[in-house]
Amino acid sequence: MPHSDQDKLFQRVLLIGSLVVVTIWFVEQTANLLAYYDTVGYGVTVVVTLGCYFLSRLASRTELAKVILFYYLTLYLVALAILSFVEALNWHSIYPLASTLQWMPIIYIVAFLFLTQKAAIVSALFIYLVLIMLMAITYTPWVVITEPQIRVLLLNMVLAHGVYIFCMFAVVRIRQTHLATEVRARQMEKAANVDGLTGLASRRALQKAMEDTLLVDDEAFLLIIDVDHFKPINDTHGHVIGDEVLQRVAQAMKASVRPEDIIGRWGGEEFLVIIHQSTLAQVHVMADRIRASVERLDIEGVGCVTVSIGVGSFRLGDTVSQVLSNADEALYAAKQGGRNQVVLVKGLADVAQG
Ligand SMILES: Nc1nc2c(ncn2[C@@H]2O[C@H](COP(=O)(O)OP(=O)(O)OP(=O)(O)O)[C@@H](O)[C@H]2O)c(=O)[nH]1
């Protein structure tokens, strides 16, 4: 299975992480700063990190590798913080404590990058609690502090981690706002492309579809459909019923076109259908099927409704308004001819007859 970009990033982090651990191990060994538990700790960390790398890379179990790494780091660094704290109290060396505390944010960074935001927040708060507890212990009467730098170091770390966690929350917040804006933009885009009354394509979507159609050198046709005598329906039954009629007509027409045809409401009681990959004869049949589907409707309280249809074509070099006025000419002829009929624009009618 191919690895996603996120998986690849995780694998790179693991390789870099192993290299960093080995480097620290070497540097501390050379400087004689290695604590008694470090040899085991660093060794196990390299094995776990590389193990997670192979689990993700070779076995494609990246999600499992992320969880193992997260829990291992949490257990290891918290245990290390406690051990180095005890060591700092007993042997007055604060280096292991300082180096452990500065690496602890890696836990919530791993959770933030590779697990859920919830895991990142919970682990950040958990680590903060551990830090506060260590600091609080130094203020209890049971602990004798011979090295005052321990208290200052812990206070410093509590403040620094507070700032890191605050920044992480800020990034989470920014990310959420960004996501919400993206979702809203997508919803608005979708809404702009759908006609609110009928659920068909909107005028904007139709305009774009016609522009796109003119860009490709492919035979395509345009139907302009107009509901006949719609004004009297509105005048007699009111606008609400008029809207219902438009919805019923839209549903009937939608059901009689193919899924690949684009049908939308151009405005008022006027609809457009853009038809690709069909012959003129097929388009003629399709237009008549649309007309007949509306004619068959028997709308309660209103009765029968009909539509007139003008058929035009997209000719290379035309503009959208030329294509529209071409089909509109045929629609006008259909209205003049008595309505409830399909008329091909003159050029097409000649082809059909020839
Ligand atoms: N209910 C409703 N009516 C609309 C809407 N948009 C336009 N109309 C009405 O549609 C009617 C269109 O009427 P006309 O253009 O005069 O045409 P017609 O009565 O259909 O007659 P012909 O087209 O010549 O057959 C007008 O009364 C508009 O007010 C709408 O969204 N809802």
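Conventions adopted
Residues numbered from 1 in each chain as written. Predicted model: local features only at pLDDT ≥ 70, side-chain atom pairs only at ≥ 80, totals over all residues. UniProt positions renumbered as here; feature names shortened; annotations may be inferred. Helix = DSSP H or I, 4+ residues; strand = E, 2+ residues; numbered from the N terminus. Buried ≥ 20, exposed ≤ 12 C-beta atoms within 10 Å, placed from the backbone. Contact = placed C-beta atoms within 7 Å. Near = placed C-beta within 6 Å. Nonpolar A, V, L, I, M, F, W, Y, C, P; charged D, E, K, R; others polar. Pairing = 2+ DSSP bridges. Axes fitted to C-alpha atoms, helices over the stretch in contact; angles between N-to-C directions. Parallel < 35°, antiparallel > 145°, perpendicular 65-115°, else oblique. Left-handed = near helix turned anticlockwise from the far one by under 90°. Right-handed = clockwise from strand over helix to strand, strands pointing away. Core = buried A, V, L, I, M, F, W, Y, C linked by C-beta atoms within 7 Å. Expected span 1.5 Å × (residues − 1).

- If you check an unreviewed UniProt entry, the protein appears there as diguanylate cyclase from Fluctibacter halophilus.
- Under the UniProt heading Catalytic activity (unreviewed entry), the note attached to the protein is "2 GTP = 3',3'-c-di-GMP + 2 diphosphate".

1. Observations concerning the overall build of the protein
Link 1 in the chain: Check the secondary structure of the protein and you find 13 helices and five strands.
Link 2 in the chain: In the protein, which comprises 354 residues, the proportion classed as buried is 31%.
Link 3 in the chain: Long-range pairs, those at least 24 residues apart, make up 65% of the contacts in the protein with a sequence separation of at least 6.

2. Focus on the site of the ligand
Link 1 in the chain: Of all residues adjacent to the ligand, which total 16 residues, the nearest are D228, F230, K231, G242 and G268.
Link 2 in the chain: The set of elements that each furnish at least two residues to the shell around the ligand consists of strand 1 (220–227), helix 9 (230–237) and helix 10 (239–256).
Link 3 in the chain: Classifying every residue of the shell around the ligand by side-chain character gives four nonpolar, five polar and seven charged.

3. Some details on the UniProt feature "transmembrane region" (unreviewed entry) in the protein
Link 1 in the chain: In the numbering used here, UniProt assigns the feature "transmembrane region" (unreviewed entry) to residues 9–27, 39–56, 68–88, 94–115, 122–144 and 150–172.
Link 2 in the chain: A helix fraction of 100% and a strand fraction of 0% characterise residues 9–27, whose end C-alpha atoms lie 27 Å from each other.
Link 3 in the chain: Note that residues 68–88 is 100% helix and 0% strand, and that its end C-alpha atoms are spaced 29 Å apart.

4. Points about the sheet that holds strand 3 (residues 270–276)
Link 1 in the chain: With mixed pairing, five strands are arranged side by side in an open sheet as 2-3-1-4-5. Edge strands, defined here as strands with exactly one partner in the open sheet, are strand 2 (262–267) and strand 5 (342–344). Sheet twist, expressed as the mean angle between neighbouring strand axes with direction ignored, is 25°.
Link 2 in the chain: Relative to strand 3, strand 1 runs antiparallel, the two sharing seven bridges. Directly across from D226, in strand 3, lies its bridge partner E270.
Link 3 in the chain: Across the sheet, helix 12 (residues 320–336) lies against strand 1, strand 4 (307–314) and strand 5, angled at about 150° from strand 4, the strand it touches most.

5. Things to note about the packing of helix 3 (residues 62–91) against helix 4 (residues 95–103)
Link 1 in the chain: Interhelical geometry of helix 3 versus helix 4 gives an angle of 155° and a closest axis separation of 8 Å. In terms of axis orientation, helix 3 runs roughly antiparallel to helix 4. Between helix 3 and helix 4 lies a crossing whose hand is left-handed. For the pair formed by helix 3 and helix 4, the contact residues are L77, L80, A81, S84, F85, E87 and A88 on the first element and P96, L97, T100, L101 and W103 on the second.
Link 2 in the chain: Each residue belonging to the contact of helix 3 with helix 4 can be placed in one class, and the counts come to nine nonpolar, two polar and one charged.

6. Let's talk about the pairing of strand 4
Link 1 in the chain: Across the eight residues of strand 4, eight count as buried, placing the element largely inside the fold.
Link 2 in the chain: In this sheet, strand 4 lies alongside strand 1 in antiparallel orientation, the contact comprising eight bridges. Among the inter-strand pairings, A220 is bridged to a residue of strand 4, identified as F314.
Link 3 in the chain: Sheet analysis places strand 4 next to strand 5, joined by three bridges and oriented parallel. Bridging from a neighbouring strand, G310 pairs with V343 of strand 5.
Link 4 in the chain: What joins strand 4 to strand 5 is helix 12, and the crossover it makes is left-handed.

7. What about the environment of W103?
Link 1 in the chain: Residue placement: W103 occurs in helix 4.
Link 2 in the chain: Residue classification places W103 among the partly exposed residues on the basis of 17 C-beta atoms within 10 Å.

8. A look at the nonpolar core
Link 1 in the chain: One finds L222, L223, I225, V249, I309, V311 and A327 to be the most contacted residues of the largest nonpolar core, which totals 45 residues.
Link 2 in the chain: When residues of this core are assigned to their parent elements, the largest contribution, seven residues, is made by strand 1.
Link 3 in the chain: Not counting residues within four places of it along the chain, the set of residues in contact with L223 comprises L272, V273, A287, I309, V311 and A327.
Link 4 in the chain: With 33 residues, the next largest nonpolar core counts I94, V110, A120 and L154 among its residues.

9. Brief notes about helix 7 (residues 149–192)
Link 1 in the chain: Taking 1.5 Å per residue as the helical rise, helix 7 with its 44 residues ought to reach 64 Å, and the 63 Å between its terminal C-alpha atoms agrees with that figure.
Link 2 in the chain: Against helix 3, helix 4, helix 5 (105–114) and helix 6 (117–137) lie the buried residues of helix 7.

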